[in-house]
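Residue-level structure breakdown
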Amino acid sequence: MATQDQNTAPATPAEKGLPDTAAATKQAAPAPRVDRSASFSSTRIPTDVDAAGTTTIAEGVVAKVAGIAAREVAGVYALGGGGARAFGAIRDVINATDLAQGVKVEVGETQAAADLTIVVEYPAPIQDVANNVRAAVAGAITRLVGLEVVEVNVEVNDVHVPGQDNNQDGEESRVS
């Protein structure tokens, strides 16, 4: 049987069987707000990489990544066929650019395939531009999305000749 000295400090509320109101108020106090967006860095990646769950990446995301990568290749004037480019011009006017224009993708669990329709700027070598688009798109999908790219098909739909967009010769159109 334990005895208590007369000279010791009084027992804590828990030792006396009473509720600890100080501890309860400490737990209820709100934590200070932390602005994580300003201090975000890659060092805050969780260490539990074996956590359960799945990640699903929409085809639109992969198509947008492919479209951005293709537009960055030297010699690519535009993406998409004639009709898609016409609608794209209207979307550009209202600031609703479709970055996936001219891109079709198929996405599986671990693999992706992409089909692109491009317009090449004259006098860029068409085969070189197509190969560079293929490499850029495959690299971007692998690096950013994490999917294995099984194929990238490039269809060259047109060649853009600078100066032909505007009727600079002053000739009248033959059709009205």
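Residues numbered from 1 in each chain as written. Predicted model: local features only at pLDDT ≥ 70, side-chain atom pairs only at ≥ 80, totals over all residues. Heavy atoms only, no water.

**Structural notes on the layout of surface pockets**
- Of the voids in this model, the largest pocket is the one considered here, and its volume is about 150 Å³.
- As for the largest pocket, its lining consists of Thr55, Thr56, Ile57, Val107, Gly108, Glu109, Thr110, Gly146 and Leu147.
- Within the lining of the largest pocket, the residues separate by chemical class into three nonpolar, five polar and one charged. (1 Å grid on protein atoms, 1.4 Å probe; cavity = no way out; pocket = protein on both sides within 12 Å on 5 of 7 lines; lining within 4 Å. Points joined across faces, edges and corners; volume = space filled by probe spheres on them. Nonpolar A, V, L, I, M, F, W, Y, C, P; charged D, E, K, R; others polar.)

**Here's the deal with a nonpolar patch on the surface**
- A cluster of nonpolar residues, Tyr122, Ile126, Val156 and Val159, forms a patch on the protein surface that exposes about 310 Å² of accessible area.
- Looking at the element boundaries, valine 159 is found in strand S4 (residues 148-160). (Patch = residues over 30% accessible without salt bridge, like charges linked within 9 Å, V, L, I, M, F, W, Y side chains within 5 Å. Areas by Shrake-Rupley, 256 points an atom, 1.4 Å probe, with all protein chains shown as cover. Salt bridge = Lys/Arg side-chain N within 4 Å of Asp/Glu carboxyl O. Helix = DSSP H or I, 4+ residues; strand = E, 2+ residues; numbered from the N terminus.)

**Let's talk about the pairing of S4**
- Sheet topology places strand S3 (residues 111-121) next to S4; 11 bridges connect them, and they run parallel. The partner of isoleucine 118 across the bridge, within S4, is valine 156.
- Chirality of the crossover, the property in question, places the unit of S3, helix H4 (residues 126-145) and S4 among those that are right-handed. (Pairing = 2+ DSSP bridges. Right-handed = clockwise from strand over helix to strand, strands pointing away.)

**A look at the nonpolar core**
- Grouped together as the largest cluster of nonpolar side chains are 28 residues, with contacts concentrated most on Leu116, Ile118, Val133, Val137 and Ile141.
- Contributing elements (two or more residues each) for this core: helix H2 (59-71), strand S1 (76-79), strand S2 (103-107), S3, H4 and S4.
- With near-sequence residues (within four places) excluded, leucine 116 lies in contact with Ala66, Ala70, Leu79, Gly102, Val103, Val133, Val137, Val152, Asn153, Val154 and Glu155. (Core = buried A, V, L, I, M, F, W, Y, C linked by side-chain atoms within 4.5 Å. Buried < 20%, exposed > 50% of the residue type's maximum accessible area, 1.4 Å probe, protein only. Contact = heavy atoms within 4.5 Å.)

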